[in-house]
Every structure is written in C-alpha cells, then in structure tokens.
Amino acid sequence: MARGETGPDFIEALARGLDVIRAFRPGYPVMSLTEVAAATGLARPTARRILLTLQELGYARAERGGFALTPRVLELGVSYVRSMGLWEVARPHLETLVTQTRESSSIAQLDGSDIVYVARVAVPKIVALSVQIGTRFPALQTSLGKVLLAALSPAEVERVLAEPSRSGIEPRWRPDPSEREAALRAVRAKGWAMTDEQLALGIRSVAAPLRDGLGNVIAAVNVNAHAAETSIEKLTEEHLPLLLKTASAISADWAAYDAVPHVTAS
C-alpha cells in the first residue's frame, strides 16, 4: 500500500504485516495469496511469509485454498478500547440509555474519513447494516461522524475527507462542499447531529459529542433507530434529551477519570 516519506525509525516489516491484515476488507473474508499480494502491492514471497507468520501467531488460518483472519485479530482493537478506559466509563450510562429508549447506542471515533465503533450496547432488532465494535462507516453520512467532523476546522475537514473510506459502504447521501459545510455548521450550532437514511435505507440516528476535561471532543455517542419504527419526532423529542443527558454524564465521568493518575502494577 502506498506510503509517504517515513522516518529513520520506521519498521517496514511491521507496516507490511498491518497492510496484510487490512487487506481482509468487507466482502473478502478469505483471500488467496495472489489476492493478498495484489491488494497490498507486496511480492508474493513477502506476502506468503507474512501470512504464515500471522498464522503461526494465531491471527490467520489457512482456509479453502487461501487465508482468513481469526477472531484473535479483535484483540488488537479491544486493546485500544481498554487502554482508553472509555468503555469502562461509558458502559453503565449506555446501558441506562438503551433501557430508557429501547434502541441501540454506540460510541465512535474518527479514523480518516470513517468512523470506527469503539463501544456499543445493542437491542435485538433487524437493521440494514450490521454494527459491532470495530465496524467502520463513512463519517459524513452518520450522525456520529457529523459530530466528530463538526469539531474540526474547515481545513481539517477537507484533509480528513480527502482520504478514501475503508468501510466498503457506498452511502446514499453525497453532498457537494457547500451542502456539506452547511450541514456541519448546523451541527456546531445545535450541539448534536441527526442522520435520516443518508448512509443506508432504514437507518436513522441522533448523536452528541463526548468531551474531555478541557472541552475537546474525544468521541461521539448516538441512539440508532429503524426508520420504519421510530419517527424523526420521537427521535428528536423523546430520545435526544436522554442522549444529551447521557453524553454530559459520560463526559463528566471521563474528565474525572482522566484527571486521576493511573498506575499499572508491574
């Protein structure tokens, strides 16, 4: 995969290993050696050594004439979530919010032009797109992403959205720059965001920012509903006040948590 200039301490072998893991995108759970080499731009012998190394470490397995990732790869993402401490802080608040709204609630952060889900409490409902921790969607077409993008400067928004999405999703809403900026201005003015089937049919949600003790936006939290079951009025008049209260409580707890020195026993 193309990379810009790197520093003297850059470890190319590690970067190539991560490239191979990222090659297993949505729709490609099993890939042949040739497909992995083509997706990463690596020579076949190099791709083969990396895949065999991942297999020996338990992150990949041989399957149907190719290779597939194993659930152990999820440990990499879970390590991030646990190191943040955000899940431990947010979980009781999300559980209460889900009990009150009877709708799923998630927390996401920005990664390039995508959002990535880092925490979630779900209710059993049929939705158009499956969501779990680690799922990524194009940011601009989600309420979570709008909140996160609205916290950036216009120059940062341009830079972030210039990066190609790695979600594998083709969103329904494709605004021009002026429409996009108007939408983000509205989010900044209101302090929350809504999306109504802009990502995919049937998905409707509202989101609010989570802030640290300095007021910086560190993540976003939402309430997600099925458009056929939950009207915009119910989402904004009943669920939104509960969401804003939850976001405020999580932000306050996170500021308190972050202010306390954390010592890890050795």
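Residues numbered from 1 in each chain as written. Predicted model: local features only at pLDDT ≥ 70, side-chain atom pairs only at ≥ 80, totals over all residues. Heavy atoms only, no water.

- The protein chain appears in an unreviewed UniProt entry as IclR family transcriptional regulator C-terminal domain-containing protein from Nonomuraea maheshkhaliensis.

## Here's the deal with empty space enclosed by the protein
At step 1: In this structure the tally under the stated criterion is two cavities of 30 Å³ or more.
At step 2: Its volume calculated, the largest cavity comes out at about 120 Å³.
At step 3: Around the largest cavity, the lining is made up of 16 residues, and of these Tyr-117, Val-131, Phe-137, Ile-203 and Asn-224 lie nearest the centre.
At step 4: Secondary structure elements with two or more residues in the lining of the largest cavity: β5 (114-121), α6 (143-150), β8 (203-211) and β9 (217-226).
At step 5: Along the lines of polarity and charge, the residues of the lining of the largest cavity split into eight nonpolar, seven polar and one charged. (1 Å grid on protein atoms, 1.4 Å probe; cavity = no way out; pocket = protein on both sides within 12 Å on 5 of 7 lines; lining within 4 Å. Points joined across faces, edges and corners; volume = space filled by probe spheres on them. Helix = DSSP H or I, 4+ residues; strand = E, 2+ residues; numbered from the N terminus. Nonpolar A, V, L, I, M, F, W, Y, C, P; charged D, E, K, R; others polar.)

## Side note on the packing of helix α1 (residues 12-22) against helix α3 (residues 44-57)
Packed helices, taken two at a time, are described by their axes: the angle between them and the distance between them.
At step 1: At a minimum axis separation of 10 Å, α1 and α3 run at an interaxial angle of 80 degrees. Considering their axes alone, α1 and α3 lie roughly perpendicular with respect to each other. Facing Arg-16, Gly-17, Val-20 and Ile-21 of α1, the residues of α3 in contact are Thr-46, Ile-50, Leu-51 and Leu-54.
At step 2: A breakdown of the residues in the contact of α1 with α3 according to their chemical character gives five nonpolar, two polar and one charged. (Axes fitted to C-alpha atoms, helices over the stretch in contact; angles between N-to-C directions. Parallel < 35°, antiparallel > 145°, perpendicular 65-115°, else oblique. Contact = heavy atoms within 4.5 Å.)

## Topic: the pairing of β8
At step 1: Across the nine residues that make up β8, a large majority, eight, are buried.
At step 2: Two strands pair when backbone bridges link them, and strand β7 (residues 193-196) and β8 are joined in this way by four bridges, in the antiparallel orientation. Each residue of the ladder has a partner; that of Ala-193, found in β8, is Ala-207.
At step 3: Counting the residues between successive antiparallel strands, the hairpin from β7 to β8 contains six residues, one of them, Glu-197, with a positive phi of roughly 60 degrees.
At step 4: Strand direction decides the pairing type here: β8 and β9, joined by nine bridges, are antiparallel. Within β9, the position partnered with Ile-203 by the bridge is His-226.
At step 5: Counting the residues between successive antiparallel strands, the hairpin from β8 to β9 contains five residues, one of them, Gly-215, with a positive phi of roughly 90 degrees. (Buried < 20%, exposed > 50% of the residue type's maximum accessible area, 1.4 Å probe, protein only. Pairing = 2+ DSSP bridges.)

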